[in-house]
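Fold and geometry: a report
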Amino acid sequence: MREVMLVAMREIRQVLGTKGFWFMIAAVPVALAVSGFASNQLAPERSVAYSVVDETGLYEDRITARLEYDYQASELRDLAEYVERWELQDAVPDAPWASRQSWLFPAEVERFADMGGSEAAIAALEPFREEGVPEFEPDDRSYEQIAFPDDLTLPDAGEEPDEKLIAALEGDVDVEDRELPFGAVLQIPANFGEPGAEARIFTNGRSNTGLIRVIREELSGSLQDGAFAAQGIAPDTALAIQGLQAPVSVIEPPPGAGRSVVATRSVVPIALVYLLLITAVTTGSLMLQGVVEERSNKLVESVLACIKPDALMQGKLLGLGAVGFMIIIVWAGTGMIGALYFEGFAADVLRPSLEALDDPLLIFAMLFYFVTGYIVLAMMFLAIGAVSESMQDAQSYLTPVILLIMIPVLIVMQAAISGPDQLVVKVLSWIPIYTPFAMLARLGTGVATWEIIGTMVLMVIFVWIELRLLGRLFRASLLNDGKPTWKRMVGWLKSSEAGR
Amino acid sequence: MSAAAMAFDGVTKQFGDFTAVDHLSFAVPEGTIFGFLGGNGAGKTTSLRMALDILTPTGGRIDVLGNPPSRESASDIGFLPEERGLYKKMSVLDTIVYFARLKRMEAGPAKQSAMALLERLELADWAKSPVEKLSKGMAQKVQVATALVNSPKLLMLDEPFSGLDPVNQKMLEDLIADAAKDGATVIFSTHVMQHAERLCDRLLMLARGKKAFDGTQDEARAALPARLELASRTAPDALPGVESAEAIGTAEDGWIKYDVRLNSGVTPEQLLEHCTTNGFGLRSFDVQTPSLHEVFIHFVGANEEIER
Ligand SMILES: Nc1ncnc2c1ncn2[C@@H]1O[C@H](COP(=O)(O)OP(=O)(O)O)[C@@H](O)[C@H]1O
Ligand SMILES: [Mg+2]
């Protein structure tokens, strides 16, 4: 065991001494940081201030009401998701947020707003919130209306805005305690509605598409109302026509089983499949290089004079296993920190995915398949190293082996996402080299416990057999000169005294 | 004879149908410098590997430092394999310490011993350099250091002089002699007779896996028919014990030089005595000590690939 540790430590130091390792280990955190940074930069500011100068006095309220409605609907949707996630539906059973679809129904949204919105909901849920359940965090309104500043003037119809207005739109304004970018000013001329008259939106250049869309829709809606009236249609009838909704009901899967939840729960295991492939292939290649170096350079004889070939092999596996583990820890660690402390796309995907991993068996199974998968692949690389004279020689074995691993794995990934019950996936789950990949890909979609336990037993047996065979191959081939033939290799695998 | 540091008793090693070592028996007394002589493929490396438990004999018994071959003895053994190589990216010091640790030394003493050796090998300035920065000769020295770092009781060197320039060969000879002076038993294999001649107390000559000779250098030479050069007026071929006599060079005042070979078992002293008592006129009488190369050819045959 002492020798195994010595070999392992040497392998670790050797790997840590290569630049490639550090590039690889830095790759994921850097990618996360870049994606977080990019999405922060590209995403619109969360909140924007705007002003309406409505010289007709007819439209402003309508736009304000619509923005408020949209805000309340989105709050209601988030709140319902939160309530479902933490199983708080029964706290206030007839509240609008107790149902996932209520945000789709104007009456429910209005009821929610009338009840006092998120603030009131949080207060109502507070007595039912158990320890460990976070408080619901309401979003800020995306668009905060402010009075048009006195010191600014709007241009007359057809004229350009003055410098002062442009400068104001480039800056921030105070809204309550916050500084918000001054995003837009809507100018509705007194003669709006007459031919040739147009409403104008002066913006700060950023695309506040949501705001502009709402303004367009509401102004058009108002004009349509006017047109209905002109056609002699009573306002109530007009409203009824506009309010006509095709009868569509929304049916939801039972909580926790829907596609979105499944997909969310699969993110981490499927990410692990990729990480497994990447770490195993990269550290495996390092391992392979190490063995080929020792062999081609006859170094191995000095080592074998001191320790047994089995100790050498185990030391290598242990050392490189530790390296693989280190990579995962760094990657997973930065992933979690990123998810918890930073905003952005990566965080938006990772956070719910991590939260979805709520089953201890699921977490254990994930780690198990990852570790055994790593060992199985690492041993294949060691075996190639043990029978190769040079790196070119190793390449000729490596290419088919990598294809042999990659192609079914890619098939599995596709299939597992589109339909985890497909036969290919089930069959591959029981072929040891593919078991870890197939099972990881399927884990998030729900796999029968017997299948998890069965494949785990299979993996343990397979790893044990592989270790023994590799031990023989190692003993027999390390001191043999030249490229061994397939026949000789098979001979070594069959005999426990091979090559001695 | 003191206890044996290594003993082979009827050891055979077969690779498939091929017999690489054939019923080999010999003993290496403690404290001696012992040479394994043999041409390419004679079985030297195979024998050493069996003594190190890297290979398992097909038959017979091996005893190393009083035990069957095993990695348990690694802490008392220093081994320099025939083909050299080191981890290229590892520093010189780390390399030597790594092997010391594999041979069960603790980290502290391993480092001290490694530094002391590097001083002695004039490589102390290179301790922190990666092995790949060293010249070939320096790398060879580092490899020797990995064998010596644990102050082994038994040092096994497989073709240690091959690939070394004359300066480093001399240095290695000194290291071997020093190790022996400190009480270590040294076994080295070679197909270069010159080094064996200078260093070895005892020799084992191998021919295709079989023992051809085992004993001291004097014993080896004594087994060869004696040879001498003398100058006389009459041809010495009729003298008793003379196998052949060949004139070399031209006569000088009537004296002729002869290259004389004696029958085996006859010593030059006996011939000289005969000449003086019988009034056979001699002007010179030079005994030619046979070189180890000649001895080797005598035992093993001329068609082995060896060097003088
Ligand atoms: N692993 C092996 N498999 C088959 N034959 C071998 C093996 N190792 C050595 N031999 C053969 O055994 C003979 C002795 O080899 P070796 O001990 O290396 O000779 P030496 O070191 O005296 O030159 C050679 O003919 C060699 O080809
Ligand atoms: Mg050899």
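You'll find chain B entered in an unreviewed UniProt entry as ATP-binding cassette domain-containing protein, with Aurantiacibacter sediminis given as the organism. In its Sequence similarities (unreviewed entry) section, the UniProt record describing chain B reads: "Belongs to the ABC transporter superfamily."

Identification of chain A as ABC transporter permease from Aurantiacibacter sediminis is taken from an unreviewed UniProt entry. UniProt, in its Subcellular location (unreviewed entry) section for chain A, records the words "Membrane".

Focus: the coordination of the magnesium ion (ligand 2)
Residues and elements named next belong to chain B. Protein coordination at the magnesium ion (ligand 2) comes from Thr45 (OG1) and Glu82 (OE), with a distance range of 1.9 to 2.3 Å. Of the two residues, Thr45 is situated in helix H1 (residues 44-51) and Glu82 in the loop between strand E5 (77-80) and helix H2 (92-102); the sequence distance between them amounts to 37 residues. A residue is classified by how much of its surface remains accessible, and Thr45, at 18% relative accessible area, is buried. A relative accessible area of 30% means that Glu82 is categorised as partly exposed.

Examining the site of ligand 1
Close contacts around ligand 1 come from 12 residues, with Gly41, Gly43, Lys44, Thr45 and Thr46 of chain B the closest. Around ligand 1 the close residues trace back to chains A and B. At a separation of 2.8 Å, an oxygen atom of ligand 1 approaches a polar backbone atom of Gly41 of chain B. Within the contact set of ligand 1, an oxygen atom lies 3.2 Å away from a backbone nitrogen or oxygen of Ala42 of chain B.

Concerning the packing of H2 of chain B against helix H4 (residues 136-148) of chain B
Residue and element names in this part refer to chain B. Contact pair H2 / H4: the axes reach a minimum separation of 8 Å and the direction vectors enclose 30 degrees. Relative to H4, the element H2 is oriented roughly parallel. Taken as a pair, H2 and H4 cross one another with a handedness that is right-handed. Facing Val92, Thr95, Ile96 and Phe99 of H2, the residues of H4 in contact are Val142, Ala145 and Thr146. In terms of residue class, the contact of H2 with H4 is made up of five nonpolar, two polar and no charged.

Some points on the packing of aromatic side chains
Residues and elements named next belong to chain B. What the rule picks out here adds up to 14 aromatic pairs over all chains. Look at Phe26 and Phe34: their rings are 5.6 Å apart centre to centre, the planes differ by 20 degrees, and that puts the pair in the stacked class. Residue Phe34 is classed as buried on the basis of its relative accessible area of 0%. On the basis of an interplanar angle of 75 degrees and a centroid distance of 6.1 Å, the ring pair of Tyr87 and Tyr98 is categorised as edge-to-face. A residue pair is termed long-range when its members are at least 10 positions apart, and Tyr87 in the loop between E5 and H2 and Tyr98 in helix H2 qualify at 11 residues. When its relative accessible area of 5% is taken as the criterion, Tyr98 is described as buried. Linked through ring pairs, Phe8, Phe26, Phe34 and Phe36 together constitute an aromatic cluster.

What counts and how
- Residues numbered from 1 in each chain as written.
- Chains lettered and ligands numbered in written order.
- Predicted model: local features only at pLDDT ≥ 70, side-chain atom pairs only at ≥ 80, totals over all residues.
- Heavy atoms only, no water.
- UniProt positions renumbered as here; feature names shortened; annotations may be inferred.
- Donors = N, O, S within 2.8 Å, 3.2 Å for Na, K, Ca; no water.
- Helix = DSSP H or I, 4+ residues; strand = E, 2+ residues; numbered from the N terminus.
- Buried < 20%, exposed > 50% of the residue type's maximum accessible area, 1.4 Å probe, protein only.
- Near = heavy atom within 4 Å.
- Polar contact = N/O pair within 3.5 Å; in protein donor to acceptor, adjacent residues only side chain to side chain.
- Axes fitted to C-alpha atoms, helices over the stretch in contact; angles between N-to-C directions.
- Parallel < 35°, antiparallel > 145°, perpendicular 65-115°, else oblique.
- Left-handed = near helix turned anticlockwise from the far one by under 90°.
- Contact = heavy atoms within 4.5 Å.
- Nonpolar A, V, L, I, M, F, W, Y, C, P; charged D, E, K, R; others polar.
- Phe/Tyr/Trp six-rings, centres within 6.5 Å; stacked < 30°, edge-to-face > 60°.

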